[in-house]
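Architecture at a glance
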Amino acid sequence: AVVSTQSGHYGRGMMEYQAMSIFTYYCYMYGGCREVGYIPICPSGDRTKILHYGGQSAPNDKQIQDGDLCLFDMGGEYHCYLTDITTTFPVNGTFTQVQRTTYEMVLDTVHAVVNRIRPGFTWREARIVCYRALLRNLVEQGLLVGSVDDLYDAKLHRIFMPHGIGHFIGGDVHDVGGNASLWCWSDAEAKDVDWYDPDLEWCPLEKNMVLTIEPGCYYNNVLLDPALADPTQGKLMVKSEIDKYRGIGGVRIEEVFIVTADGCEIISDVPRTVTEIEEYMKNPPPHDIPFLDAF
């Protein structure tokens, strides 16, 4: 159903809530779902930098424009089990250079974490791998300068990715898990705790656990401008390069995975590489929704 919304000529001129309706239609019509897991998050263009966009106060109400990125964070519910998958794609079927660069930075970050997941690996370790991988990519693309250690200490990952790295999923979209009794860090470690997911912080992963991993990279002026003005953070940021990315919003990629005996298996199944996405959107599958022919 997530993939059904990702087609080159289904979106331009469409309202975001119409794209959301395609997803819910497929969930009910072809998935046999009674519910969706949560209100779909369907921002486009610059609004893709808004993390939990699309709620009651902002109901996916922008018109999707040619050249926009769409960031669709959606999940169905089937027999009381939920999923949570995020795709980001260009509505016209072709990534611009800055869109492509951002997307590939995030995809590389996903791979960096997934390649380390295994039983016994803690969520804290996964979080650090994730943030450091994103910072490394930002340096390689010229948006930041300095060592990854210095960038991490300056908390610049919080400027470009102001959220946690994932969560348990199952009977709820953010399912129960973790163990608050493991809150046993030192004062020094407490300064580096992920307060987005504190119960997960010291949780060792176990075989058959099901979680999401959802790195992102966003260009939000509310965060960028104060950071650029900050003497510690600003000296590590390249404003002339960052300015090239302002306005595209952001990219998030969310996979669902199950921990295996010696690693993990991604169980979400959508086009992920730039090539896969652009090829899919050039050759979308047939549909049975008459109003789509108007777009």
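So, a few notes on the structure that sits alongside this text. The structure presented is a predicted model; accordingly, all values stated were derived computationally and were not measured. Going along each chain's sequence as written, the residues are numbered from 1 onward. In keeping with the model being predicted, local features are shown solely for residues with a pLDDT of at least 70 and side-chain atom pairs are shown and tallied solely at 80 or more, while totals for entire chains, interfaces and linings include all residues. Working from all heavy atoms in the structure, the side-chain values ignore hydrogens and water.

A few points about the overall build of the protein
- Each helix is a run of DSSP H or I of at least 4 residues and each strand a run of E of at least 2, with the numbering of both proceeding from the N terminus. A count of helices and strands for the protein gives 10 helices and 11 strands.
- Evaluated residue by residue, the protein yields a buried proportion of 53% over its 295 residues.
- Whether two residues are in contact is decided by their heavy atoms, any of which lying within 4.5 Å being enough. Long-range pairs, those at least 24 residues apart, make up 73% of the contacts in the protein between residues at least 6 apart in sequence.
- Carbon together with sulfur atoms contributes 53% to the accessible area of the protein, which is approximately 12,900 Å² in total. Think of it in three bands: with a 1.4 Å probe and only protein chains considered, a residue is buried below 20% of the maximum accessible area for its type, exposed above 50%, and partly exposed in between. Here the accessible surface of atoms and residues is derived via Shrake-Rupley with a 1.4 Å probe, and residues count as covered only by protein chains that are part of the display.

Some remarks on the pairing of strand β10 (residues 255-259)
- Burial runs high along β10: 4 of the 5 residues are buried.
- A pair of strands is treated as paired once DSSP finds two or more bridges between them. Examined bridge by bridge, strand β7 (residues 210-213) and β10 share 4 bridges and lie antiparallel to one another. Bridged to T212 within β10 is V256.
- Direction of pairing for β10 relative to strand β11 (residues 264-266): antiparallel, over a ladder of 3 bridges. Paired with I258 across the bridge in β11 is E265.

Here we look at the pairing of β7
- Relative to β7, strand β6 (residues 166-168) runs antiparallel, the two sharing 3 bridges. Paired with G166 across the bridge in β7 is I213.

Digging into the packing of aromatic side chains
- The pairing test for Phe, Tyr and Trp rings, Trp by its six-membered ring, is centres within 6.5 Å, and the orientation test on the planes gives stacked under 30 degrees, edge-to-face over 60, and tilted for anything in between. Under the definition given, this model contains 7 aromatic pairs.
- Ring plane angle 85 degrees and centroid distance 6.3 Å describe the contact between Y25 and Y30, whose orientation is recorded as edge-to-face.
- Under the relative-accessibility criterion, Y25 is labelled partly exposed at 28%.
- According to the relative accessible area criterion, Y30 is partly exposed, its value standing at 49%.
- Seen from their ring centres, Y26 and Y30 are 5.1 Å apart, and the 40 degrees between their planes marks the pair as tilted. Residue Y26 and its partner Y30 are both found in helix α1 (residues 16-31); the two are separated by 4 residues, about one turn of the helix.
- An aromatic cluster is built from Y25, Y26 and Y30, whose rings are joined through pairwise contacts.

Structural notes on the environment of C27
- By the element assignment, C27 lies in helix α1.
- The exposure class of C27 is buried, given its relative accessible area of 4%.
- Expressed as a C-alpha distance, the spacing of C27 and G75, which sit 48 residues apart in the sequence, is 8.8 Å.

Structural notes on the sheet that holds strand β4 (residues 81-82)
- Spatial strand order, β1-β3-β4: 3 strands in an open sheet with antiparallel pairing. Two strands lie at the open edges of the sheet, namely β1 (35-36) and β4, each paired on one side alone.
- As paired elements, β1 and strand β3 (residues 76-78) share 2 bridges and run antiparallel to each other. In the sheet register, E35 faces β3, and the bridge partner there is E77.

Note that every value here comes from positions in space, so none of it alone points to a role or purpose.
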